[in-house]
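# Inside the fold
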Amino acid sequence: MSYVHHVEQFHGLPVFTFPPYADPTDLPAPGTVAWRLHCGPYPTDQRSGPYWKTFTESVDLGEVRALILGSPWYDSDGGGDLDELIALRSRFTGLEAVFLGDLEDEEAMISTIGLDDLTELLKAFPGLRELGVRGGDGLAFPTTGHANLRVLRVESGGLPPGAAAQIAAASLPSLERLELWLGDEWYGGGTTVGDLAPLFAGVGKPALRHLGLQNSPEQDELAAALATAPVVRRLTSLSLSMGTLGDEGAQALLDGQSLAHLRELDLSHHFLSQDMMLRIWTELEPQGVRVNLTARQEADDTYADDDGPQRFISVSE
């Protein structure tokens, strides 16, 4: 089982957590760090109102490039609140990157972090280049998309299929990197190959160079779909990590379209046999593809059913 921790670097910048009682003279230059707003559950006088007010009065918001929201904007009670950020869009003139829901395991299970409809956020910040979110419940993404977004990352133990389908269908002409942790149906996931059909077809994302469809119990089915998907031809890297990939899915990749143009294929946290691992290395490494086959897993006999021992994804609860 993988563990989810606080973001340590974002948008190429080190993360700096804004202190609740800050002396402006002791703060870093606004554009040199990713500002993390997180004051935790105690005490109540450090909750979002006073804390947000101190931040906005102590930092030149026009110079802020990256912003990370943790608690109390996002917590284990579910739901987020972007109203304060959107209300100050005229002051955040240089904002390029936002990360929502930066809570780690000790603060909230990833499946309990509620998210937002991101329509108004994307509309308020047309210059946004990178967006990261952690959680799942309540997430909605506008299919009208965003003209300038280059990186989109969704970390989830159960990404709602509707949200995954919206992202797959969204018009994102500048998007270069897309990473989706699809998660388990028990925790709100359940995304199918059909939900992602526009993405596989390469519709609406002409600049895409890295695709991650990760943390899925349907990793074999996703691999089989990608084996013939037009979108793969424009990629330089592909990740099917963190999920339940087995020999069937790996065989589909080897039997499908050429992957020799990829610089990297990440299959880490997998359930491949030793023979299949050797085949993948033998066929792809000589073609210049860096293959990541670390974190090999064994199916669990404890929860065996009619299909045999069970495979588990990396992050769910």
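The following paragraphs examine the structure supplied in this document. Sequence order sets the numbering: in each chain, residues are counted from 1 along the sequence as written. Note on the predicted model: pLDDT of at least 70 is required for a residue's local features to be given, and 80 or more for side-chain atom pairs to be given and counted; whole-chain, interface and lining totals, by contrast, use all residues. The basis for every side-chain value is the complete set of heavy atoms in the structure, and neither hydrogens nor water enter the calculation.

### Notes on the overall build of the protein chain
- A count of helical and extended segments in the protein chain gives 8 helices and 14 strands.
- Accessible area is worked out with a 1.4 Å probe on protein chains only. A residue is then buried under 20% of its type maximum, exposed over 50%, and partly exposed in between. Residues counted as buried form 52% of the 317 residues belonging to the protein chain.
- Sequence separation of at least 24 residues holds for 72% of the intrachain contacts in the protein chain that already meet a minimum separation of 6.
- Using a 1.4 Å probe, accessible areas were evaluated by the Shrake-Rupley method; residue-level cover was limited to the displayed protein chains. Working note: accessible area of the protein chain is about 13800 Å², and carbon and sulfur atoms make up 49% of it.
- Charged side chains in the protein chain number 21 positive and 47 negative. The centres of these two groups are separated by 11 Å. Numbering goes from the N terminus for both helices and strands, where a helix is a DSSP run of H or I of at least four residues and a strand is a run of E of at least two. Here, two residues are considered to be in contact whenever any of their heavy atoms come within 4.5 Å of each other. This count recognises Lys and Arg as positive and Asp and Glu as negative, with His and chain-terminal groups excluded. Lysine's charge is taken at NZ, arginine's at CZ, aspartate's at CG and glutamate's at CD.

### Re the sheet that holds strand β2 (residues 13-17)
- Pairing between strands is defined by DSSP: at least two bridges between the two strands are required. The strand order β1-β2-β3-β4-β5-β6-β7-β8-β9-β10-β11-β12 describes an open sheet built from 12 strands, whose pairing is mixed. With one partner strand each, in any of the chains shown, β1 (9-10) and β12 (290-292) form the two edges of the open sheet.
- Bridge analysis of strand β10 (residues 237-239) against strand β11 (residues 264-266) gives 3 bridges, and the strand direction is parallel. Each bridged residue has a counterpart across the sheet, and for Ser239 the counterpart in β11 is Asp266.

### Considerations on helix α4 (residues 161-169)
- All of the buried residues in α4 are Ala163, Ala164, Ile167 and Ala168. Angular distribution of buried residues about the axis of α4 spans 140 degrees; they occupy a single face of the element. The directions from the helix axis to the C-beta atoms are what the arc is built from.

### Digging into the side chain of Gln257
- Turning to its location among the elements, Gln257 is positioned in the loop between α7 (247-255) and β11.
- Given the relative accessible area of 18%, Gln257 is considered buried.
- A polar side-chain atom of Gln257 sits 3.5 Å from a polar atom in the side chain of Arg233.
- Dropping the residues within four chain positions of it, Gln257 is found in contact with Leu226, Ala227, Thr228, Ala229, Val232 and Arg233. Under the rule applied, a polar contact is a pair of N or O atoms within 3.5 Å (in protein, one hydrogen donor and one hydrogen acceptor; residues adjacent in sequence only if both atoms are side-chain atoms).

### Describing the packing of aromatic side chains
- For Phe, Tyr and Trp, where Trp contributes only its six-membered ring, two rings pair if their centres lie within 6.5 Å, and the inter-plane angle classes them as stacked under 30 degrees, edge-to-face over 60, or tilted in between. Evaluated as defined, the whole model comprises 10 aromatic pairs.
- Taken together, a centroid distance of 5.8 Å and an interplanar angle of 65 degrees make the contact between Phe18 and Tyr51 edge-to-face. Placement of Phe18 in the loop between β2 and β3 (34-37) and of Tyr51 in helix α1 (residues 48-58) is noted, with a sequence separation of 33 residues between them.
- Looking at Tyr51, the relative accessible area reads 2%, which means it is buried.
- Put simply, the rings of Phe16, Phe18, Trp35, Tyr51, Trp52, Phe55, Trp73 and Phe92 pair up and form one aromatic cluster.

### Description of the nonpolar core
- What is meant by a nonpolar core is a set of buried Ala, Val, Leu, Ile, Met, Phe, Trp, Tyr and Cys residues, joined one to another through side-chain atoms within 4.5 Å. In terms of nonpolar packing, the biggest core is built from 85 residues, with Phe92 and Leu131 touching the most fellow members.
- For Phe92, the contacting residues outside a window of four places in its chain are Trp52, Phe55, Leu61, Val64, Leu67, Leu85 and Phe125.
- One finds Phe10, Ala66, Ile68 and Phe99 within the second-largest nonpolar core, a separate group that totals 8 residues.

### Let's talk about unusual backbone geometry
- A cis amide bond, omega 10 degrees, links Ser71 with the succeeding residue Pro72.
- Mapped onto the elements, Pro72 comes out in the loop between β4 (66-69) and α2 (83-87).
- Residues other than glycine seldom take positive phi values, yet His11 does so here, at roughly 55 degrees.
- Inspection of the secondary structure assignment puts His11 in the loop between β1 and β2.
- Here Met242, not a glycine, exhibits a phi torsion of approximately 70 degrees, which is positive.
- With respect to the element layout, Met242 can be found in the loop between β10 and α7.

### Digging into the pattern of salt bridges
- In the sections that follow, a salt bridge refers to a side-chain nitrogen of Lys or Arg positioned within 4 Å of a carboxyl oxygen of Asp or Glu. Scanning all chains against the criterion turns up 13 salt bridges.
- Close ionic contact of Asp102 with Arg134 constitutes a salt bridge, the shortest N to O distance being 3.3 Å. Taken together, the positions of Asp102 in the loop between β5 (97-100) and α3 (119-124) and Arg134 in strand β6 (residues 130-134) put the pair 32 residues apart, joining distant regions of the chain.
- The class of Asp102 is buried, set by a relative accessible area of 0%.
- We classify Arg134 as buried; its relative accessible area is 3%.
- Taking the shortest distance from any N to any O, the salt bridge between Arg153 and Glu155 comes out at 2.8 Å.
- One continuous salt-bridge network, built from bridges that share partners, spans Arg36, Asp102, Arg134, Arg153, Glu155, Arg177 and Glu179.

### Overview of the packing of α7 against helix α8 (residues 274-284)
- Contact pair α7 / α8: the axes reach a minimum separation of 10 Å and the direction vectors enclose 20 degrees. Here α7 lies roughly parallel to α8, going by the angle between them. By crossing handedness, the relation of α7 to α8 is classed as left-handed. Only Met276, Arg279, Ile280 and Glu283 of α8 make contact with α7, whose side of the interface consists of Asp247, Ala250, Gln251 and Leu254. A fitted line through C-alpha atoms represents every axis, and for helices the fit uses only the stretch in contact; the resulting angles, taken between N-to-C directions, go from 0 to 180 degrees. Small angles under 35 degrees read as roughly parallel and large ones over 145 as roughly antiparallel, with 65 to 115 read as roughly perpendicular and the rest as oblique. Each crossing gets its hand from how the near helix is turned against the far one by less than a right angle, where anticlockwise is left-handed and clockwise is right-handed.

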